[in-house]
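Spelled out from the first residue to the last, the chains are:
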Amino acid sequence: MKLLVSNDDGIFAQGIRTLANTLAKAGHQVSVVCPDRERSATGHGLTLHKPIRAEEIDSVFDPRVKAWACSGTPSDCVKLALAALLPEKPDYVLSGINHGANLGTDILYSGTVSAAMEGLIEKIPAIAFSLTSYTMQDFSVAANFAESLVTALKQNEPFAPLLLNVNIPPVKAEAITGVAITRQGTRRYEEMFEKRIDPRGKTYYWLAGELTEDVLDPPSQSSSASPLLTDVQAIRKNYITITPLHYNLTCSSGLENLNHQRLHLPYPVFGTANDLD
């Protein structure tokens with residue numbers, strides 16, 4: 001398969017090197033386009049007011065991997081790859097392996113997930129991979145799972161492209177409980193801005209938010225009788241979590257709620273397509 005790999009940890013990150021090399025050794029045609037430095041928590045930011053540069057890299061990856069280091073954000077990298085660098089459209093866009101979790105509301109800020117989301121926007125199946133530890137240095141279990149997942153998905157392709165957010169617990173392969181199909185959970189952080197003074201006497205602030213709790217959301221009923229766990233809940237039990245995501249953030253319950261309200265506004269309120277005809 002033709003695979004485009006990006007990340008937000010940068011070109012020299014161990015996670016992307018392990019992922020790209022593992023996929024190349026399995027016989028896939030791998031291209032890497034990722035930031036030239038760490039760009040974590042950049043969300044879906046784009047570079048609009050200065051040029052984006054891409055430099056071909058020869059020494060970081062397996063010789064079978066074609067790689068570029070890009071001066072832009074993770075989203076820039078995938079956009080540039082699809083529109084200018086790659087000769088043809090890849091079968092999958094992969095992002096990671098991120099050094100740290102992307103669970104619950106983390107995905108709103110995640111450059112890893114945003115890079116994969118760019119693939120989905122272009123109607124290309126995409127997967128974001130994260131190892132849920134900042135200290136573990138062994139990415140082999142996560143990379144091997146990534147290769148097996150890509151292969152399995154290719155053999156059972158869904159009717160429409162998906163973005164899968166995959167989190168792998170930082171344990172040995174034999175300690176993994178299984179694979180859980182999950183819904184997005186919630187994580188809460190205490191935002192702390194440390195006030196400092198620079199050498200010129202100017203004040204600046206350093207954000208140091210800390211996780212305060214993984215919120216155990218109420219059970220959600222799937223189309224079957226069994227409730228779906230959240231990614232936050234399942235990762236605690238050493239499951240690899242797979243959460244399907246989409247860029248459409250419309251709140252369906254909010255639509256229904258607004259349609260049933262009598263909003264006193266200076267203009268007519270229309271709630272359905274028939275209303276607009």
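What counts, and at which threshold
Residues numbered from 1 in each chain as written. Predicted model: local features only at pLDDT ≥ 70, side-chain atom pairs only at ≥ 80, totals over all residues. Heavy atoms only, no water. Helix = DSSP H or I, 4+ residues; strand = E, 2+ residues; numbered from the N terminus. Buried < 20%, exposed > 50% of the residue type's maximum accessible area, 1.4 Å probe, protein only. Contact = heavy atoms within 4.5 Å. Areas by Shrake-Rupley, 256 points an atom, 1.4 Å probe, with all protein chains shown as cover. Axes fitted to C-alpha atoms, helices over the stretch in contact; angles between N-to-C directions. Parallel < 35°, antiparallel > 145°, perpendicular 65-115°, else oblique. Left-handed = near helix turned anticlockwise from the far one by under 90°. Nonpolar A, V, L, I, M, F, W, Y, C, P; charged D, E, K, R; others polar. UniProt positions renumbered as here; feature names shortened; annotations may be inferred. Polar contact = N/O pair within 3.5 Å; in protein donor to acceptor, adjacent residues only side chain to side chain. Salt bridge = Lys/Arg side-chain N within 4 Å of Asp/Glu carboxyl O. Core = buried A, V, L, I, M, F, W, Y, C linked by side-chain atoms within 4.5 Å. Disulfide = S-S within 2.5 Å.

Colleague: Help me out: how do you make sense of the overall build of the protein chain in this one?
Modeller: Of the regular secondary structure elements, the protein chain holds seven helices and 15 strands. Across the 277 residues that make up the protein chain, the buried fraction comes to 44%. Expressed as a percentage of contacts within the protein chain between residues at least 6 apart in sequence, the contacts between residues at least 24 apart total 77%. Split by element, the accessible area of the protein chain, about 15,700 Å² in all, is 53% carbon and sulfur.

Colleague: Please explain the packing of helix 2 (residues 74–85) against helix 3 (residues 111–121) as it appears in this structure.
Modeller: Any two packed helices are characterised by how steeply their axes cross, that is the angle between the axes, and by the distance between the axes. At a closest axis distance of 8 Å, the pairing of helix 2 and helix 3 adopts a crossing angle of 25 degrees. As judged from the angle between their axes, helix 2 and helix 3 are roughly parallel. Considering the relative orientation of helix 2 and helix 3, their crossing is right-handed. Along its contact with helix 2, which presents P74, S75, V78 and K79, the element helix 3 presents G111, S114, A115, E118 and G119. Taken together, the residues of the contact of helix 2 with helix 3 sort by class into three nonpolar, four polar and two charged.

Colleague: Where do I start with the UniProt feature "binding site: a divalent metal cation" (unreviewed entry) in the protein chain in this structure?
Modeller: If you check UniProt for "binding site: a divalent metal cation" (unreviewed entry), the listed places come out as D8, D9, S40 and N98 in our numbering. Annotated residues spanning 91 residues; largest pairwise C-alpha distance 9.2 Å, indicating a single compact cluster. For D9, the location among the structural elements is in the loop between strand 1 (2–6) and helix 1 (14–25). The class for D9 is buried, based on a relative accessible area of 16%. If we skip the residues at most four places from it in the chain, D9 touches R37, E38, S40, I97, N98 and H99. Reaching out from D9, the side chain makes a polar contact with the side chain of S40 at a distance of 3.2 Å. The residue S40 is located in the loop between strand 2 (29–35) and strand 3 (54–57) in this model.

Colleague: Would you mind going over the pattern of salt bridges with me for this structure?
Modeller: Side chains that differ in charge, positive against negative, can pair when their charged atoms come close. Under the counting rule described, the total for this entry stands at seven salt bridges. Taking the shortest distance from any N to any O, the salt bridge between D36 and R37 comes out at 2.7 Å. Overall, D36 belongs to the partly exposed group, its relative accessible area being 32%. Here the residues in one salt-bridge network are K2, D91 and K154, joined through shared partners.

Colleague: It is not clear to me how the nonpolar core should be interpreted in this structure. Could you clarify?
Modeller: Counting 40 residues, the largest nonpolar core has V32, F61, L94, I127, F129 and V166 as the members making the most contacts within it. Among the elements that line this core, the one with the most residues is helix 4 (residues 140–155), at eight residues. Sequence-distant contacts of L94, that is, excluding residues within four places in its chain, are made with L3, L4, V5, S6, L23, I127, F129 and V150. Counting 20 residues, the second largest nonpolar core, distinct from the first, contains V78, V113, A116 and A128.

Colleague: I tried to follow the state of the cysteines on my own but got confused; where do I start?
Modeller: Formally, a disulfide is one covalent bond, and it connects the sulfur atom of one cysteine to the sulfur atom of another. The full count for this structure, using the stated rule, is zero disulfides. A disulfide-free cysteine, C34 has its sulfur positioned 6.3 Å from the sulfur of C77, the nearest such atom. C77 provides the cysteine sulfur closest to C70, a residue in no disulfide bond, and the two sulfurs are 3.8 Å apart. Taking the relative accessible area as the measure of exposure, C70 reaches 0% and is therefore buried.

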